[in-house]
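Spelled out from the first residue to the last, the chains are:
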Amino acid sequence: MDNSFLPVWLQSGLWGLVAGSALLIGAAIGYFAHVSQRIIAAIMAFGSGVLISALSFELMDEAYKQGGFVPTAIGFFGGASLFTTANVYLSHKGAKHRKRSTKQPSEEKNSGSGLTIAIGSLLDGIPESIAIGISMIQGGVISIVMLAAVFLSNLPEGLSSSAGMKYAGRPARYVFGVWASIAIACGISALIGYAVFSHFSSGVVAITIATAAGAILAMIADTMIPEAFEQTHNLTGLITVGGFLIAFFLSKLIS
């Protein structure tokens, strides 16, 4: 998908904003409509599979081509470590259930938890968005698989989390202010991913790509899969595999 009439750095930002807009769409559905928890969980499981496929065949494969095994391994483990460290800290501050629709703490019960949940949601979205920008370094064309993966993972995240925010008593202006801000941050992160790292050596790019992949995989394991399993139980694996296969076939069809 190529919009050659725009500079690539701007294209990357716009695609990041498109992926981030799924958060707002999901938030609107979650706040104003009643969606079954099983449906939300199924979408989240499916999105997890798509993301795992994308980070495997789009990100890790590209990181290995750019820098070989060592930079890829360093970045991958480093990204997972960074995400896990930040996630543990934010969980202790009240953001543990930021993707849940019924378990989020209210501001009265846990002062400052609203801000922490917002920061935690931003933490989830930044690696994905940077990966979108980095994916455009080679050839200046967006990876449809990566874009679809991030969009599909953002939709249930916004849906479930906004329903949880409403359940915790947070007003609509707060909920949509949070998700609009994060969607914009996603666009900026994608722009930075391309504009900054396109000037570095292939080794640095490889480490950065792998770092994003490691952070995304840690996020899936820590936040998306637990939410999906809570409602879909034994079907989680099957639905996740379905998402993985569809993304895999799509990557082969358009390669």
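Residues numbered from 1 in each chain as written. Predicted model: local features only at pLDDT ≥ 70, side-chain atom pairs only at ≥ 80, totals over all residues. Heavy atoms only, no water.

Now for a nonpolar patch on the surface. A surface patch of nonpolar side chains, amounting to about 640 Å² of accessible area, comprises L14, L17, I184, I188, I192, V196, F200 and V204. A total of four residues in the nonpolar patch trace back to one element, the largest contributor, which is helix α6 (residues 172-197). One can find V196 in helix α6. (Patch = residues over 30% accessible without salt bridge, like charges linked within 9 Å, V, L, I, M, F, W, Y side chains within 5 Å. Areas by Shrake-Rupley, 256 points an atom, 1.4 Å probe, with all protein chains shown as cover. Salt bridge = Lys/Arg side-chain N within 4 Å of Asp/Glu carboxyl O. Helix = DSSP H or I, 4+ residues; strand = E, 2+ residues; numbered from the N terminus.)

Mapped onto the secondary structure, S53 falls in helix α2 (residues 37-67). Accessibility expressed as a relative area gives 2% for S53, which makes it buried. For S53, the contacting residues outside a window of four places in its chain are E58, F244, A247 and F248. (Buried < 20%, exposed > 50% of the residue type's maximum accessible area, 1.4 Å probe, protein only. Contact = heavy atoms within 4.5 Å.)

Counting 41 residues, the largest nonpolar core has L51, L55, L59, I132, M146 and I216 as its most contacted members. Secondary structure elements with two or more residues in this core: α1 (8-32), α2, α3 (69-95), α4 (113-135), α5 (144-167), α6 and α7 (202-232). Examining the composition of this core, we find that twelve residues originate from one element, α7, more than from any other. Aside from chain neighbours lying at most four places away, what touches M146 is A54, L59, E128, A131, I132 and I216. Of all hydrophobic cores here, the second largest spans nine residues; its members include L23, M165, V178 and W179. (Core = buried A, V, L, I, M, F, W, Y, C linked by side-chain atoms within 4.5 Å.)

Residue position: L10 is located in helix α1. Using a relative accessible area of 28% as the deciding quantity, one classes L10 as partly exposed. Along the backbone, L10 and Y194 are 184 residues apart, and their C-alpha atoms lie at a distance of 9.2 Å.

Taking the UniProt record as the reference, the feature "transmembrane region" (unreviewed entry) is found at residues 12-32, 39-57, 69-90, 130-152, 172-197, 204-221 and 233-254. In residues 12-32, the share of helix is 100% and the share of strand is 0%. The end C-alpha atoms are 31 Å apart. Note that residues 172-197 is 100% helix and 0% strand, and that its end C-alpha atoms are spaced 37 Å apart. (UniProt positions renumbered as here; feature names shortened; annotations may be inferred.)

With that settled, consider the packing of α5 against α6. Between α5 and α6, whose axes approach to 10 Å, the crossing angle comes to 150°. In terms of their interaxial angle, α5 and α6 are classed as roughly antiparallel. You can see that α5 and α6 cross each other, and the crossing is right-handed. Contacts from E157, G158, S161, S162 and M165 of α5 reach α6 at Y174, V175, V178 and W179. The residue inventory of the contact of α5 with α6, partitioned by class, reads five nonpolar, three polar and one charged. (Axes fitted to C-alpha atoms, helices over the stretch in contact; angles between N-to-C directions. Parallel < 35°, antiparallel > 145°, perpendicular 65-115°, else oblique. Left-handed = near helix turned anticlockwise from the far one by under 90°. Nonpolar A, V, L, I, M, F, W, Y, C, P; charged D, E, K, R; others polar.)

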